[in-house]
Each structure stands twice: as structure tokens, then as C-alpha cells.
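Results of the structural survey
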Amino acid sequence: MRPPVVAWLDAPRPKAGLGIWRFRHVPPPPAGPARLAPATVAGMLIPVAVGLLIWSAYRRGTLPYMYLVLQTLTPSDWWYHGTTAARDWHGQAAHAVFGGVVFVGLVCAVAALGSWGKIVRHYLGRFRPPVRAALAGVGALIALAFVWPEAFGLGWDPLPLGLPVLSLVSLVGGGYDVLESPLLVYPLYALITALVLWPFARVGEWASLFRAWRARAAAGATAPAAEAAPGVPDSHWPELREAGQQRAADLLAGELATGRMNDVDCARVRRAWRDTDGDAARRAALVRTLIEQGAAAGAHPSGDRDLPHRSATHDLLLGQVRIGRYVSAERTPHAYQGAGLALDPGLVGTSLLAVGPSGTGKTRSLVAPVVESLTLQALTGACAVVAVGSAGTPLGPDEAYDVVIRLGDPASRYDLDLYAGVTDPDEAAAFLAEGLVGDMEGMETRRAATVLAQLIGPYRAAYGVFPTVPVLRELLEARPETLTALLDLLPADGAQAMRRELDSRIRQVGTATDLGPVLADRLAALDRPVFAEFFGGGREARPFSLGAVAQHPMRVRISLPEGGHEEAARLLNRLLLAQFQSVTRDRAGRGHTAFLALDDAAGALTPGTVRALQRLRPQKAAVVLALRTLAEVPEALHGPLLAVVGCRMAFSGLPTWDGRAFAEAWGTERVETTEVAHHTVFADQPMTRAFHALRKLVTGKAVTTEAVTVREVERQRWSASDLAHDVPAGHAVLSLTHVRGEHTPPLLVDLRG
């Protein structure tokens, strides 16, 4: 029996649309044509009946004015006086030509009035092109049997198509003698046959089928013979074998067969092989490592090759995690109906915003599976992830992370670096100001950053480190005498810039525009006893800098304080987002993608952080943001926030004012609407009124006519009312955008499927 990982690796993954779970995906069958209305079928049959009546009348000679046309268009000496009885062969030939014209005219009129072409294409459209062409060929043979019955050994009279053409040629040529020439007759037969076959060739699309056959034949003739052999299963590592690395491929295939290799190992080795494409030295080193270490080659620095527990379904070969399925609804395209819903780094890499009330499953159905997928892919070296949430948020066990920071918990092994490991005071002051006062209306973060830089820069020049939270608070609240003491500690030579900075700060202290007290008041939320040993406060815990995720594929979990420290949690959310945006800017190499997931982004989104979100995608960085309501974000930022994120998700229970913002972001589409108006018929004639009265007596309804208006209108894809009232519990409306620029419309998804 094959190990499960071999079956997983060899499973089919057909091409599919964005956000579709491709593992063993079975595309839905082509949508069947819409059922024809009874009125359409009647409209096809009624012209046939009328055409048969007219043709029957013509054959019996009872069609009015029939022979008047014939006498008008032909010489009078072809007929007996006053009749259309033929005197000689001229009249007989004219009769045949006229009959052919009447027959062809009737057939064309009946086909046009009955919409034969549309109806035939409707029924043939449900078949594959070869079957459609074959059915059209059968129809063509039947038609030819009626045109040339003698060629098929049949005894009925032929349709008036061949004889009229031959008669017309005889009239033009001056007699039937011209038909004795095979050079004339056989081309005429071929022309008549081609004209009969032409409509069937159009309906059966013979020309396009022939072109496709020729293209396949040409491709088969030019393809090398080796490509005709059946493909090698993925579990046999065909890419390594094609490169001539048989030994490494055999070793990895053996590791798979014995169960010593899992899906994380497969994804990691494949990624390493792709990354070395075009670099012979690196590829040779990789092959040596594969031969020496086998499945453990290039393992994550932590030594982990899997997570201790998985709660979601993953396909690491494509980087997908399944979170639900698409609902078969009117708005859902046919290819998506009933298909599995999956996210991958290419989609999350455009940033994702999820909005929904508490209890709708944002964490359980979206954030937790996405974070778990990113931690698995971090083990392959593809990304780094920082998951931020409260201590009780179920974002996976601590063993699934390399670094776990529990702010406010004395048992935490790691501390958070308030300055993200940067050495530039201006850069540190910028994101520190964003975290402290970025959400304050009317407060310029640029001025706040200047005040902070005027303090932390000189302090670092004097002591070699940035100040801790208590020290920074004291500096912000300090009187000029305290800052003068710090000024005296600065060396006279080599610190002139820092001395000027501190001099400027001393002059601002106590003025009406001094922002120091405001910053100190905000910083007081972190200067609490519960945080006394954090942020470099003297504890022996290992400090962690967020800048590390920009350089290494790390898995980081940051637990925010709960209880009475809600303001501190909001401040830390803002600070972490601002730090992440700063450390991922202009990072060299960008070998992996960096992700930040905020399970509760309330208070983290400010004008500065929203503006910086649009710079993340070119730097191979992205964020996952979850909000209970858009009211947690300033109203002026609703539009810019929804515009800057690539993936938007609206959960059930959304209020209408939030739905209005999503509806505007998703825009409109053009749809065809049909309006039917019923108008009462008022008859003028007594007999008609009597019939109408009888019909009303029988049916109980007045006689009416229908006025049908079909028009194309512009309609919102999802209105605010639809989002608020038509999304069932456990469902959401999701639109996706890939880093390549492809996107999907907003679709209803079932997060429980």
C-alpha cells in the first residue's frame, strides 16, 4: 500500500480559477442550454405548417397570382394563349426554375421566421464539437438523400433543387444539349451539393474542427518522440530526472515510499529546486545536500519539519488552505458553483480585510486557518509570519512557533523590542509616534516623531541604547533642568547634531505647542507594573526584534494583554503594524514573503498605516486584518482601506452602514432585466366582446396582452441591504485579487463546507 504522502503528491490538480481548491478538483460539466419556452417551439412549428400549406397550394396550382408572375417574366410564345401551359421545352424549363425559386424562398422564409438556426444550435450546443459535427453530418446526408435520391438508390421524387439549376442552364445555353458535356454537368452537381452542405457545415462548425485537427497533427509531427511517453508521477521527482540527477531522485522517491518524507519536505525541496534554477553552483550544492541528508535537506532552522497539530486542510504543493466552498447561487459563475474555497500566498499577498460581528467565525474560519497555512509554509522557507492576538485567541499551539511573546506574562521567554532593532533614531521615532498618537484626530504624527527623535537620539548617543518605556516617559515629562543634565552627558565633539536636537527640545518644554505631555500620557499605558519587565525593562528574557521577520522565515506569535489593558493592546496593535511596515520597506533580497496577521485590528488603522499599506505588495509583504465593524476605523479611511487591500471579506450580520462601504468598493455590473406589463384588451366589435366575456366567464380573468421590455441596467454587485440581510449565518461574501493582478467578483461562500 502506498503511503498517503505519495497519493497526495501524485493526485491531480487541474487548472482552475482564483481561489478554487485544486487538489482533486473536478470541474463542473458545461452548463446546459436554457430550456426553450413553449412559445419558441410553437414559433418554429407554425411557419413550417404555413410553408407546407403554401407549397401544397403551389403544387395544385391554386396559389393566387402564381402564374401571373411567370407570364410577366417570360416570353409569351413559350405558353399557349392565356395560360401557362408550356408550348415546348422552354415553358417546361421555366416551370422548373420557377418551382425551384418558390421552394428555396419558402425554405429560407420558414427558417428565418422559425429561428431554425438558433434552435438547432441550442440543441447541438450541449454536445462536444466532434459529436456536434457528426450530427450535422448525419443531417447533411439525409438532406442529400432528398436532393439526389437516385444516387442513394431511393425511389422518391427529388426536391426541386437540382432540376431548376439544370433547367436554368439549359435556358441560358439554348437547349438541353449543353448538359451533355461532363465538364459542365459535374461541376454543377458539385456546386448544388456544396450549397446543400453549407448550412450544415456552419451549424456543425466543420471548419473550426478541421483547423483544430490540423493544429494537433502539426504539433504531433514536430514534438519529440520522448514526449509521447506517459508522464512520470510526481512522486518519482521527474524534474530531478530531467536534469540528470537520477541518484537524488531515487533517494527522494525511496524516502517517500518508506514514509520518511512528509508534505512539508516535498514542498521545501521543490521550492529549493525552483530557486536554484539558472544557478549551477547553488544547484550542485543542493544536489549534494539532498544526497547527504535526504528528506531533511534544507530543513527550517528550528529543526521542525511539521506542526504538532493541524486543524485545517492544506495542499502545500500549491500553498493552498481550504476554508470553505462556493455556494451555488445566481451570482456565482458556473466554474465556481460548489467548488472548494482556498487561499494561497498569492492571494493573501495582496492583503486581506475581513469584517464581521463577534461570533461570526472570523478567527475560527479565516484567521486561524490562514495563519496555520503560513506557519507551514514558513517551514518550507517560503514566508515569515507574525500572528498577533489576545492571549486566548486560538491561533495554534505555542510549539507551532519559533518565538512566542506573551506581553504582560512573567513566564514569557521572549520580550518585544520597542524599537524593532533599528539604529536610526528618526526611523524609530516615526513608527513609535504612529503607535502612540496615530489615532488622535488633529495630531500630526510628523511633529510627534520630531519630539521623540529629539529625545531618543541624544539618549542613544549618551548611553549607547534607546531609552526604556519608563525612561522615555520621564524624558517626555522632564523639565528643562533634567534635559540639560542629559545634554551635559553628550560629548562635545562628534555629537553636535544631537546637541542641537536636544537644545531645540529644551526650548519647546512648557510651551503651548509642546507635545511631550501628550506623548507621555499615551506612553503611560505601557508604563504599568504588569509591563515593568518588558520592553527592555531589565528582565532576562530574550528581546525579539520584528525586523528579524524581514530577513528570516520565522514564525512569531505575539499575545496582547487582556483585562483592563485594552488601551495598551490597541496601542501595541498600532505599534506592531507601523513597525512591520517600516522593517519590510526596501529590504534587500526579498527571498520570502512577510505576513502580519492582526486578529483584532481595532485601533491599528490610522491615516499613516493605511497609506503605508499600498507599499507592502512591491516589498513582498502583506497583512491580514480582522475587524468587528468598520466603525472601529475613522470614517474617512473606509474608502482608502477597502481600496488598498486586494481581498475583501464581509461576514454575515454586517450592519448596513458597513455594507454600504463594501457595496461602493465592489462597484456595479451590467445585467439584463425583463419587465412584463399586462394590459386589458377592450374590444370594439360585438362578436369580439362576446368572445372576451365568454373567456372571462370560463377563466375568471380578463383578457389581457403582455408587453415585455428587456433592457440592460447597471446594478450593484452586492447592495448594502443584500450584505446585511441576505448572507446566511456561517457564510460570507468574498472577493479576491492575486499578486499577478487577476481578480474575482464578490461571491457568496459557505465557511462551514
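Just so it is clear, the model here is predicted, and its values are computed rather than measured.

**Here's the deal with the overall build of the chain**
What the chain contains, in helices and strands, is 27 helices and 16 strands. Over its C-alpha trace the chain gives a radius of gyration of 40 Å, far above what one expects of a compact globule, namely 27 Å for 753 residues. Expressed along its principal axes, the backbone C-alpha trace of the chain runs to roughly 135 × 80 × 50 Å. Scored against the burial criterion, the 753 residues of the chain give a buried share of 45%.

**As for the packing of aromatic side chains**
All told, the structure shown has 13 aromatic pairs when counted by the stated rule. Look at tyrosine 58 and phenylalanine 98: their rings are 6.0 Å apart centre to centre, the planes differ by 55°, and that puts the pair in the tilted class. Pair noted here: tyrosine 58 is in helix H2 (residues 38–60) and phenylalanine 98 is in helix H4 (residues 89–113), with a separation of 40 residues, a long-range link. Exposure remark for phenylalanine 98: the relative accessible area of 15% places this residue in the buried category. Judged by centre distance (5.1 Å) and plane angle (20°), the rings of phenylalanine 146 and tryptophan 156 are stacked. Taken as a pair, phenylalanine 146 in helix H6 (residues 129–147) and tryptophan 156 in the loop between H6 and helix H7 (162–173) lie far apart in primary sequence, 10 residues in all. You can call phenylalanine 146 partly exposed: its relative accessible area is 37%. Its relative accessible area of 40% is what places tryptophan 156 among the partly exposed residues.

**What to know about the packing of helix H17 (residues 445–463) against helix H20 (residues 496–508)**
Here H17 crosses H20 at 135°, and the two axes come no closer than 9 Å. In terms of their interaxial angle, H17 and H20 are classed as oblique. Here H17 and H20 pass one another in a crossing that is left-handed. In this structure, H17 contributes Val451, Ala453, Gln454, Leu455, Gly457, Pro458 and Ala461 to the contact, and H20 contributes Met498, Glu501, Leu502, Ser504, Arg505 and Gln508. Along the lines of polarity and charge, the residues of the contact of H17 with H20 split into seven nonpolar, four polar and two charged.

**A closer look at unusual backbone geometry**
For serine 351, which is not glycine, the phi torsion reads 75° and is therefore positive. You can see serine 351 is positioned in the loop between helix H14 (345–348) and strand S4 (352–355). Notably, alanine 420 is not glycine yet its phi reads approximately 55°, a positive angle. Judged by its relative accessible area of 4%, alanine 420 falls in the buried class.

**Side note on the layout of surface pockets**
One number sums up the size of the second largest pocket: a volume of about 890 Å³. Together, 35 residues line the second largest pocket, and Leu318, Gly319, Asp344, Pro345 and Gly346 are the ones closest to its centre. Counting residues per element, the lining of the second largest pocket draws most heavily on helix H12 (residues 263–275), at five residues. Considering only residue class, the lining of the second largest pocket consists of 14 nonpolar, 11 polar and 10 charged.

**Re the pattern of salt bridges**
The full count for this structure, using the stated rule, is 30 salt bridges. When the shortest N-O distance is used, the salt bridge between aspartate 265 and arginine 268 registers 3.0 Å. Highlighted residues: aspartate 265 and arginine 268, both in helix H12, separated by three residues, approximately one helical turn. On the basis of relative accessible area, aspartate 265 is assigned to the buried category, the value being 0%. With a relative accessible area of 3%, arginine 268 lands in the buried category. Here aspartate 306 makes a salt bridge to arginine 310, at a shortest N to O gap of 2.9 Å. Sharing partners across several salt bridges, the network here consists of Asp263, Asp306 and Arg310.

**Observations regarding the pairing of strand S11 (residues 621–627)**
For S11, a buried count of seven out of seven residues is recorded, marking the element as mostly surrounded by other parts of the structure. Alternating positions in S11 separate into two faces, Ala621, Val623, Leu625 and Leu627 on one and Ala622, Val624 and Ala626 on the other, with burial throughout. As paired elements, S4 and S11 share four bridges and run parallel to each other. Of the residues in S11, the one forming a bridge with leucine 352 is valine 624. Sheet analysis places strand S10 (residues 593–598) next to S11, joined by five bridges and oriented parallel. Bridged to leucine 598 within S11 is leucine 625. Remark: the S10/helix H23 (residues 607–613)/S11 crossover connection has right-handed handedness.

**Brief notes about the packing of helix H11 (residues 246–257) against helix H13 (residues 280–293)**
H13 packs onto H11 with a crossing angle of 40° between their chain directions and a minimal axis gap of 9 Å. Relative to H13, H11 is oriented oblique. Relative to H13, the crossing made by H11 is left-handed. Here H11 contributes Arg247, Ala248, Leu251 and Leu252 to the contact with H13, which in turn contributes Val287, Leu290 and Ile291.

**Thoughts on helix H25 (residues 656–666)**
Within H25, the full set of buried residues consists of Asp658, Gly659, Ala661, Phe662, Ala663 and Trp666. Of the residues flanking the end of H25, it is glycine 667, one or two places downstream, whose phi is positive at about 75°.

**Quick look at the environment of proline 470**
Checked against the element boundaries, proline 470 lands in helix H18 (residues 469–477). A C-alpha to C-alpha distance of 102 Å links proline 470 and methionine 687, two positions 217 residues apart in sequence.

**Section: the environment of alanine 201**
Along the chain, alanine 201 falls in helix H8 (residues 182–204). We classify alanine 201 as partly exposed; its relative accessible area is 23%. On a C-alpha basis, the gap between alanine 201 and glutamate 635 in space is 61 Å, while along the polypeptide they are 434 residues apart.

**Quick look at the side chain of histidine 300**
With respect to the secondary-structure elements, histidine 300 resides in the loop between H13 and strand S1 (313–315). For histidine 300, a relative accessible area of 7% gives the class buried. Here histidine 300 is in contact with Ala378, Leu379, Asp402, Pro553 and Arg555, once residues within four sequence places are set aside.

**As for the nonpolar core**
Counting 100 residues, the largest nonpolar core has Phe535, Ile558 and Leu641 as the members making the most contacts within it. The biggest single contributor to this core is helix H22 (residues 566–583), with 10 residues. Grouped together as the second largest cluster of nonpolar side chains are 48 residues, Leu316, Ala339, Ala378 and Cys647 included.

**Observations regarding the state of the cysteines**
A full pass over the atoms with the stated rule returns zero disulfides. With no disulfide of its own, cysteine 266 lies 18 Å from the sulfur of cysteine 383, the closest cysteine sulfur.

**Section: a nonpolar patch on the surface**
A cluster of nonpolar side chains, contributed by Val138, Leu141, Ile142, Phe146, Phe152, Leu154, Trp156 and Leu159, occupies part of the molecular surface with about 700 Å² of accessible area. Relative to the helices and strands, valine 138 is located in helix H6. Valine 138 gets classed as partly exposed once you look at its relative accessible area, which sits at 46%.

Rules of the game
Residues numbered from 1 in each chain as written. Predicted model: local features only at pLDDT ≥ 70, side-chain atom pairs only at ≥ 80, totals over all residues. Heavy atoms only, no water. Helix = DSSP H or I, 4+ residues; strand = E, 2+ residues; numbered from the N terminus. Rg over C-alpha atoms; globule rule 2.2 N^0.38 Å. Buried < 20%, exposed > 50% of the residue type's maximum accessible area, 1.4 Å probe, protein only. Phe/Tyr/Trp six-rings, centres within 6.5 Å; stacked < 30°, edge-to-face > 60°. Axes fitted to C-alpha atoms, helices over the stretch in contact; angles between N-to-C directions. Parallel < 35°, antiparallel > 145°, perpendicular 65-115°, else oblique. Left-handed = near helix turned anticlockwise from the far one by under 90°. Contact = heavy atoms within 4.5 Å. Nonpolar A, V, L, I, M, F, W, Y, C, P; charged D, E, K, R; others polar. 1 Å grid on protein atoms, 1.4 Å probe; cavity = no way out; pocket = protein on both sides within 12 Å on 5 of 7 lines; lining within 4 Å. Points joined across faces, edges and corners; volume = space filled by probe spheres on them. Salt bridge = Lys/Arg side-chain N within 4 Å of Asp/Glu carboxyl O. Pairing = 2+ DSSP bridges. Right-handed = clockwise from strand over helix to strand, strands pointing away. Core = buried A, V, L, I, M, F, W, Y, C linked by side-chain atoms within 4.5 Å. Disulfide = S-S within 2.5 Å. Patch = residues over 30% accessible without salt bridge, like charges linked within 9 Å, V, L, I, M, F, W, Y side chains within 5 Å. Areas by Shrake-Rupley, 256 points an atom, 1.4 Å probe, with all protein chains shown as cover.

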